[in-house]
Structures are given as structure tokens and as C-alpha cells.
Amino acid sequence: MPPGFERPNAAGRSGPRSRPAASTRRIPPPRRKGTPPAVLALLIIVPILGIGITLLINRPFGDDEPVQTTVVDPNKDIDALADRFSKLEKEYQTVLRMDREAADFELRAKSLIAAFDTWMDDYEVVIGTKRGPDGQLAPEFFGYSRLKARAGQYRLDLIKSSGF
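Definitions and limits used
Residues numbered from 1 in each chain as written. Predicted model: local features only at pLDDT ≥ 70, side-chain atom pairs only at ≥ 80, totals over all residues. Heavy atoms only, no water. Helix = DSSP H or I, 4+ residues; strand = E, 2+ residues; numbered from the N terminus. Expected span 1.5 Å × (residues − 1). Buried < 20%, exposed > 50% of the residue type's maximum accessible area, 1.4 Å probe, protein only. Arc of directions from axis to C-beta. Contact = heavy atoms within 4.5 Å. Phe/Tyr/Trp six-rings, centres within 6.5 Å; stacked < 30°, edge-to-face > 60°. Salt bridge = Lys/Arg side-chain N within 4 Å of Asp/Glu carboxyl O.

1. Regarding helix α2 (residues 76–97)
Helix length check: α2 (22 residues) gives 32 Å between terminal C-alpha atoms against 32 Å at 1.5 Å per residue, within 8%. When α2 is considered as a whole, its buried residues turn out to be Ile78, Leu81, Phe85, Leu88, Glu89, Tyr92 and Val95. Projected down its long axis, α2 carries its buried residues within an arc of 125°, all on one side. Exposed side chains of α2 directed beyond 90 degrees from the buried face belong to Lys76, Lys87, Lys90 and Arg97. Lining the buried residues of α2 we find α3 (103–128) and α4 (145–162).

2. Concerning the packing of aromatic side chains
Tallied over the entire structure, the rule returns six aromatic pairs. Note on Phe85 and Trp119: the rings are 5.3 Å apart at their centroids and 45° apart in plane angle, and the pair reads as tilted. You can see Phe85 sitting in helix α2 and its partner Trp119 sitting in helix α3, a full 34 residues away along the chain. On the basis of an interplanar angle of 20° and a centroid distance of 5.4 Å, the ring pair of Trp119 and Tyr123 is categorised as stacked.

3. Side note on the environment of Glu101
The residue Glu101 is located in the loop between α2 and α3 in this model. Distance from Glu101 to Ser162, taken between C-alpha atoms, is 9.5 Å for residues 61 residues apart in sequence.

4. What about the pattern of salt bridges?
As enumerated under the stated definition, the model contains five salt bridges in all. When the shortest N-O distance is used, the salt bridge between Arg150 and Glu89 registers 2.6 Å. Residue Arg150 is located in helix α4, and its partner Glu89 is located in helix α2; the two are separated by 61 residues in the primary sequence. For Arg150, a relative accessible area of 36% corresponds to the partly exposed category. Here Glu91 and Arg108 are joined by a salt bridge, their closest N and O atoms 2.7 Å apart. Taken as a pair, Glu91 in helix α2 and Arg108 in helix α3 lie far apart in primary sequence, 17 residues in all. Accessibility expressed as a relative area gives 24% for Arg108, which makes it partly exposed.

So, in C-alpha cells, the structure goes:
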């Protein structure tokens with residue numbers, strides 16, 4: 001064999017020029033030192049402080065009264081008319097159940113006819129504001145015209161039943 005290529009002996013060396021044999025034992029990597037506790041504390045405390053400061057800044061200080069916004073119902077007047085109509089309708093049913101010969105019947109019928117007349121005048125005033133430039137009622141208010149028709153029918157029934 002040429003020099004430098006001898007077979008290794010039992011000790012694992014091959015001769016004067018040979019390199020040392022690779023060790024079968026692995027050297028563990030050096031231990032990493034842990035993150036210092038001060039850094040960990042900062043990583044926890046800084047976000048908590050940030051959230052707390054943000055909440056304090058966004059919260060109003062003092063005894064400022066909250067601003068109340070009032071929503072104006074565009075159908076407020078119409079709803080009031082509908083409530084008045086339901087009361088008139090109950091009164092109408094009460095009057096019709098009365099004895100026609102009673103003296104109280106004629107008085108109550110006259111007052112109810114006057115109440116229906118007043119209601120119909122108020123209805124025209126309120127619904128007049130809901131009409132378009134051409135005088136047509138907007139489609140969303142068509143249902144309220146049924147109230148006027150019923151009020152007119154009740155008024156006519158009272159007039160016929162009381163003999164005026």
C-alpha cells in the first residue's frame with residue numbers, strides 16, 4: 001500500500017499521517033440562555049398599559065350629559081288620528097247598542113256625529129301635508145284613506161239611525 005493509506009489499527013489510527021477518526025459521540029449544541037425576566041415583564045405590561053390608556057382616553061371625563069337624539073316620527077300625527085278613530089269607533093259601537101228611544105241616544109249620537117266631523121277635518125289637514133304636488137296621496141299612505149271611508153260610513157249610519 002502506498003504510504004498514508006494504511007489500514008487502521010485496533011486503536012482507530014492508521015499511522016503517522018492519518019487523521020483522527022470521527023467520534024461517535026455528538027457534542028450537544030450550546031445552551032441558549034433564556035429571555036431575561038425584565039423583557040418578559042415588559043412584553044406583558046406594555047400592551048396592558050396601552051389598552052388601559054386607550055380606554056381612559058376614549059372615555060369622557062366629567063359629568064357631561066349624554067347627547068340625546070330624538071327621532072321624529074313622520075307618522076306621529078297620523079298615528080294620533082288613528083288612535084282617536086279607534087276611540088270614536090268604540091263610542092260608535094256603544095251608541096248603536098243603545099235603545100233608540102232613549103233620550104240619551106239622540107244626544108250622544110249628535111255629539112258623536114260632531115266628533116266624526118271634527119276628526120274628518122283633522123284628517124284632511126294631516127293627510128293634505130302628505131299629498132304630492134299633483135294632489136295624489138303617496139302610496140305608503142293609501143291605507144289611511146280606509147280610515148276616512150269607515151269614519152264617513154259610521155257618520156252616515158249615525159245620521160240614519162238617529163233620524164236627522
